[in-house]
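# Structural overview for review
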Amino acid sequence: MKLRKSVTATGFLAAAILLPPSAAYAQQVPALEANRLPTEALISPNEIWLDGKEAHGINLANEWKTNPDKPRKGADGSVKYLFGATLPTLVCTPLEICAVRLQPGEIVNDVHAGDTARWRITPATSGTGATSTTHVVVKPTDAGLTTSLFISTDRRTYTIKLASTQKEWIPLLSFDYPDDVQREWAAYRDAQQNFTNATTLPSGQSLLNLNFDFRISGDRPSWVPQRVYTDGSKTYIQFPNANLPEAPALVALGKGGVFKAPPTEMINYRVIGDRYIIDQVVDRVALITGVGRQQTRVIIERGR
């Protein structure tokens, strides 16, 4: 057994008995344990009781977070979640960049992360003007981390789970938006309405169901019809406007342009706005005003 002299913290010499290494270590362990600083848990072990309403709220949130609705692959390689269907997860890895792409034109108001010490969150943009798109860039400092990311914009709020692994990662996370689908259907309906308006006369008649194969000849007075057409049961003669200087008479014509009946025996028609409406499909008719050499005659013939 050997003695070893040492100087204490107060400056006095003290003697210690040198023991074999294993025995000396055994003697020191209790002292080391005694001098070790106490460790504190990062999360308090204290628990609280949730009442029925609060527990039901937790269950609803868990149903949303664990909803099995899976993402799909976007045309640009992004992982696309249906917005609002479930809790999306962005998987990242150290030394690689992940990003969350928002809707074009969407502006970020605030970004919050549960762990800002070990996750770096920065903005990036692409495009200009109405097509400008914001990307939220995410980079973890280590693997084995999980936290949540909250993004508020001028259109909606996002809650995203962040997880870091040793090497697996999702470069780009994006979303399918239900309001995009609604806008597409609205645009479709507008296009259909515009097509209907483009193929519909002010009277509400569809041009697709009308026959305009009529020839107009003879004199060319200021009131010469703009168009003549039939829907298969009626004939419509449309004038430039509803205020005619002199309403022409309508008579039927025979072959060679001769009158089929005396001028006093006119074809029945009614006037609605700027149109004469005849309750039959005519072949050859004439619109006439005046008498003798002052007579004006416009001939209308249906094509064959």
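This is a predicted model, so every value here is computed, not measured. Along each chain, residue indices are assigned from 1 in the same order as the chain's sequence is written. Residue-level local features of this predicted model are given only where pLDDT is at least 70; pairs of side-chain atoms are given and counted only at 80 or more, and the full residue set underlies all totals for whole chains, interfaces and linings. Excluding hydrogens and water, the side-chain values take into account all heavy atoms of the structure.

Taken in spatial order, the six strands line up as E3-E4-E12-E6-E9-E8 in an open sheet, and their pairing is mixed. A single partner strand is all that each edge strand has here, and the edge strands are strand E3 (72-73) and strand E8 (119-126). By definition, two strands form a pair when at least two bridges between them are found by DSSP. Strands are runs of DSSP state E lasting at least two residues, helices are runs of H or I lasting at least four, and both sets are numbered from the N terminus onward.

By secondary structure assignment, the location of Thr 93 is in the loop between strand E5 (89-92) and strand E6 (98-101). For every residue, the accessible area (1.4 Å probe, protein chains only) is compared with the maximum for its type, and the residue is labelled buried under 20%, exposed over 50%, or partly exposed between those bounds. Overall, the relative accessible area of 2% leaves Thr 93 in the buried class. At 2.9 Å, the side chain of Thr 93 forms a polar contact with the backbone oxygen of Thr 165. The criterion used for residue contact is that any of the two residues' heavy atoms lie within 4.5 Å. Thr 93 has contacts with Pro 140, Thr 165, Gln 166, Lys 167, Glu 168 and Trp 169, leaving out every residue within four places of it along the chain. In protein, a polar contact means a hydrogen-donor-capable atom and an acceptor-capable atom, both N or O and within 3.5 Å, with residues adjacent in sequence counting only if both atoms are side-chain atoms; elsewhere, any N or O pair within 3.5 Å suffices.

With respect to the helices and strands, the residue Thr 230 is situated in strand E14 (residues 227-230). A polar contact is formed between the side chain of Thr 230 and the backbone oxygen of Lys 234, at a distance of 2.6 Å. Excluding residues that lie within four positions of it along the chain, Thr 230 makes contacts with Asn 209, Leu 210, Asn 211, Phe 214, Thr 235, Tyr 236 and Val 281.

Here we take up a nonpolar patch on the surface. By definition, no residue in a patch forms a salt bridge, and every one has over 30% relative accessible area; like charges are joined within 9 Å, nonpolar side chains (Val, Leu, Ile, Met, Phe, Trp, Tyr) within 5 Å. Exposure was quantified through the Shrake-Rupley algorithm and a 1.4 Å probe, taking into account, for residues, occlusion by the shown protein chains and nothing else. Between Lys or Arg on one side and Asp or Glu on the other, a salt bridge is scored when a side-chain nitrogen of the former is within 4 Å of a carboxyl oxygen of the latter. Taken together, the side chains of Ile 48, Leu 50 and Ile 58 make up a nonpolar region of the molecular surface, amounting to roughly 320 Å² of accessible area. Since its relative accessible area comes to 46%, Leu 50 is described here as partly exposed.

We now examine the pattern of salt bridges. Side chains that differ in charge, positive against negative, can pair when their charged atoms come close. One pass over the full model with this rule turns up ten salt bridges. Lys 80 is the partner of Asp 176 in a salt bridge, and the nearest nitrogen-oxygen pair spans 3.9 Å. A residue pair is termed long-range when its members are at least 10 positions apart, and Asp 176 in strand E12 (residues 172-176) and Lys 80 in strand E4 (residues 79-82) qualify at 96 residues. Overall, Lys 80 belongs to the buried group, its relative accessible area being 12%. The structure contains a network of salt bridges with shared partners spanning Arg 72, Lys 80 and Asp 176.

What follows is about the pairing of strand E9 (residues 133-140). Residues in a regular strand point their side chains to alternate faces of the sheet. Of all eight residues making up E9, seven are buried, and the element is well covered by its neighbours. With four bridges joining them, E6 and E9 adopt antiparallel strand pairing. Residue Cys 98 lies in a different strand from E9, and its bridge partner there is Val 138. Taken together, the eight bridges between E8 and E9 define a ladder with antiparallel strand orientation. Considered in E9, the bridge of Ala 124 is made with His 135. Where E8 folds back on E9, the antiparallel hairpin that results is connected by six residues, among which Gly 127 adopts a positive phi of roughly 80°.

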